[in-house]
Amino acid sequence: MLKMYIGGRWVSAVSGRTRSITNPATGEQIDVAAEGGAEDARLAIAAARKAFDESDWPHTSARHRARLLFRLADLIERHAGEQARMETENNGKPLADAEDDVLTAANVFRYYAGLIGKPSGQVSDLPGSYVGRVVREPIGVCGLIVPWNFPLMMASWKLAPCLAAGNTCVFKPAELTPVTAVRLFELMEEAGFPPGVANLLLGEGRTAGAELAAHEQVDKIAFTGGTETGRGVMRAAAGNIKKLSLELGGKSANIVFADADLDIAADYAVSGIFLNAGQVCSAGSRLLVEESVYDRFVDMVVERARKIRVGNGLHPGVEMGPLISEAHMNKVLGYIKAGIEEGAVLLTGGKRITEGELARGFFVEPTVFGDVHSGMRIFREEIFGPVLSVTKFRDEEDAVRLANDSIYGLAGAVFTSDAGKAERVARRVRVGVFWINVYHPAMVEMPWGGYKQSGLGRELGTFGLDAFTEVKQIVHNLHPGPLGYYHWNRS
Ligand code: NAD
């Protein structure tokens, strides 16, 4: 059974409740997990609070914390094959993608282990005899909440900077995908993180997660998930003015101009939406194509979408896996129905796959809609599945206008051979992540996060570490003398 890790001990839920964990490619149970609730959340928060307030963890040297993080990165790499397999069985993604995720996670721990020892802070020469220093300190107890689409990778994005900075935490994976999180915490125990510093809470968002978001003893919430959930977390966090980082939904535009290398652009357009079966926050779900090449380019994309090998991620050669659950699959199929009803042209896909062994899992065909207009729901709402909307544009101005016609602002891309146009468009599209002639690279060195309703703050890079620190000014009077303010010591 998959247990929680609280205060350095592996424990079941106080209620004794459990949850069946399934493989979305087969519908079969792969494990059983402890189903934590609000009471378990309070125990985990208390353990993290004690470790922050009473142990020397927040005051350990950066070098010491770095050593633990480097050790953890090595352990993740040593067990990479096993963790990748677990991730594929629990999440459904192709094994090669899961292997990438595991290596990325190790790299993220290494990056923050390196970064925490680098110079930081400022010194200011102030007027008179004052010297000012700015230092960074840990925030305290952090609640870290992640979704199911990149379970291990999202864990690393949050745990690495949080622990590097000297915080303690309660980490809650999505209730559907706890498997690699449990393995990660076993490796953290082996690496030597002290009890209570990092706690693993399993269970649902509306019980365990909501308690983390609201609890007065939690100082910060770093949340990745849907925008509606994020709004609720923000409200719950208002009680004690928690520090907040939110990585939320997206509806990213991928703009293809007629002067692009269309073969390359078509490959990226396809991986932009169908990677991880479209369950990617930065998915290029709105493809905007210049009208002079629209028909030709759409044909190229459709031809490629039809060739994608869909199947169980454990089978060699599979390029797209299932959706995470039956409920999510039904939501995606609902959007496909809405697209048809609203008059978009279904060019390929559109159905659940019900042939052979795939019938047992939650597979949806790679789906492409043409002639999509900006008023349609499939243009406006995040589907989080393998559904691409293609829209025609006239010129640069029109492309930028369409790209910005969204409540979201996470990512975007442009494909063109005109460097000036690429730069102009990159500066005008209102998103936190923008790619030119490429789609999807997410690198630890670069900040990740959204404009508008795609979030608050940034993860990764130096920004990701800043988000887990408080800034303190310390002013030192080098020559203390009479204050000279009150009548008794005015001369
Ligand atoms: P979700 O919002 O339903 O759940 C995300 C996490 O929040 C889960 O761990 C869940 O248990 C927890 N949760 C749910 N309700 C909660 C509550 N009331 N209080 C506290 N925690 C709660 O999202 P999902 O369906 O798991 O993931 C898909 C969403 O995540 C998509 O919208 C996607 O765009 C977004 N996402 C964003 C990024 C990014 O970097 N911006 C990355 C990955 C996914």
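Our subject is the structure listed above.
Before going into details, it helps to say that this report is about the structure given with it.

Sheet analysis places strand β3 (residues 18-22) next to strand β4 (residues 29-34), joined by 5 bridges and oriented antiparallel. Within β4, the residue paired with Arg19 across the bridge is Ala33. Between β3 and β4, which follow one another and run antiparallel, lie 6 residues, and Gly27 among them has a positive phi close to 75°.

Turning our attention to the packing of aromatic side chains. In total, this model carries 13 aromatic pairs according to the counting rule given. Plain terms: the ring middles of Phe257 and Phe393 are 5.1 Å apart, the flat faces sit at 75° to each other, and that makes the pair edge-to-face. Highlighted residues: Phe257 in the loop between β12 (253-256) and α9 (262-274) and Phe393 in strand β16 (residues 387-393), separated in sequence by 136 residues. A single burial state applies to Phe257 and to Phe393, both of which are buried. One aromatic cluster is present, built from ring pairs that chain together Tyr5, Trp10, Phe171 and Phe185. Across the ring face of Phe468, the terminal group of Lys220 is positioned such that the distance to the ring centre comes to 4.7 Å.

What follows is about empty space enclosed by the protein. Summed over all chains, the structure comprises 4 cavities of 30 Å³ or more. In this structure, the largest cavity occupies an estimated 70 Å³ of space. What lines the largest cavity is a set of 14 residues, among which Gly278, Ala283, Ser285, Glu382 and Phe384 lie closest to the centre. When grouped by side-chain class, the residues that make up the lining of the largest cavity number 7 nonpolar, 5 polar and 2 charged. For the second largest cavity, the calculated volume is near 40 Å³. Taken together, Lys251, Ser252, Ala253, Arg286, Ala403, Ser406, Tyr408, Gly409, Leu410, Ala411, Val429 and Val431 make up the lining of the second largest cavity.

Within a beta sheet, neighbouring strands are joined by backbone hydrogen bonds and run either parallel or antiparallel to one another. Within the open sheet, the 3 strands sit side by side as β5-β6-β22. Their pairing is antiparallel. The sheet terminates laterally at β5 (122-125) and β22 (469-477), the two strands that pair on one side only. In this sheet, neighbouring strand axes are inclined to one another by 20° on average, regardless of whether the strands run parallel or antiparallel. Pairing between β5 and strand β6 (residues 130-138): 4 bridges, direction antiparallel. Residue pairing across strands places Asp125 opposite Val131, the latter belonging to β6.

Running from amino to carboxyl end, helix α13 (residues 396-404) crosses helix α14 (residues 419-428) at an angle of 30°, the nearest separation of the two axes being 10 Å. In terms of axis orientation, α13 runs roughly parallel to α14. Helix-helix and strand crossings are classified by hand; for α13 and α14 the assignment is right-handed. Taking contact as the criterion, the partners of Glu396, Glu397, Val400 and Asn404 in α13 are, on α14, Lys421, Arg424, Val425 and Arg428. Split into classes, the residues belonging to the contact of α13 with α14 amount to 2 nonpolar, 1 polar and 5 charged.

Cut-off values and rules
- Residues numbered from 1 in each chain as written.
- Predicted model: local features only at pLDDT ≥ 70, side-chain atom pairs only at ≥ 80, totals over all residues.
- Heavy atoms only, no water.
- Pairing = 2+ DSSP bridges.
- Helix = DSSP H or I, 4+ residues; strand = E, 2+ residues; numbered from the N terminus.
- Phe/Tyr/Trp six-rings, centres within 6.5 Å; stacked < 30°, edge-to-face > 60°.
- Buried < 20%, exposed > 50% of the residue type's maximum accessible area, 1.4 Å probe, protein only.
- Lys NZ or Arg CZ within 6 Å of the ring centre and 35° of its normal.
- 1 Å grid on protein atoms, 1.4 Å probe; cavity = no way out; pocket = protein on both sides within 12 Å on 5 of 7 lines; lining within 4 Å.
- Points joined across faces, edges and corners; volume = space filled by probe spheres on them.
- Nonpolar A, V, L, I, M, F, W, Y, C, P; charged D, E, K, R; others polar.
- Axes fitted to C-alpha atoms, helices over the stretch in contact; angles between N-to-C directions.
- Parallel < 35°, antiparallel > 145°, perpendicular 65-115°, else oblique.
- Left-handed = near helix turned anticlockwise from the far one by under 90°.
- Contact = heavy atoms within 4.5 Å.

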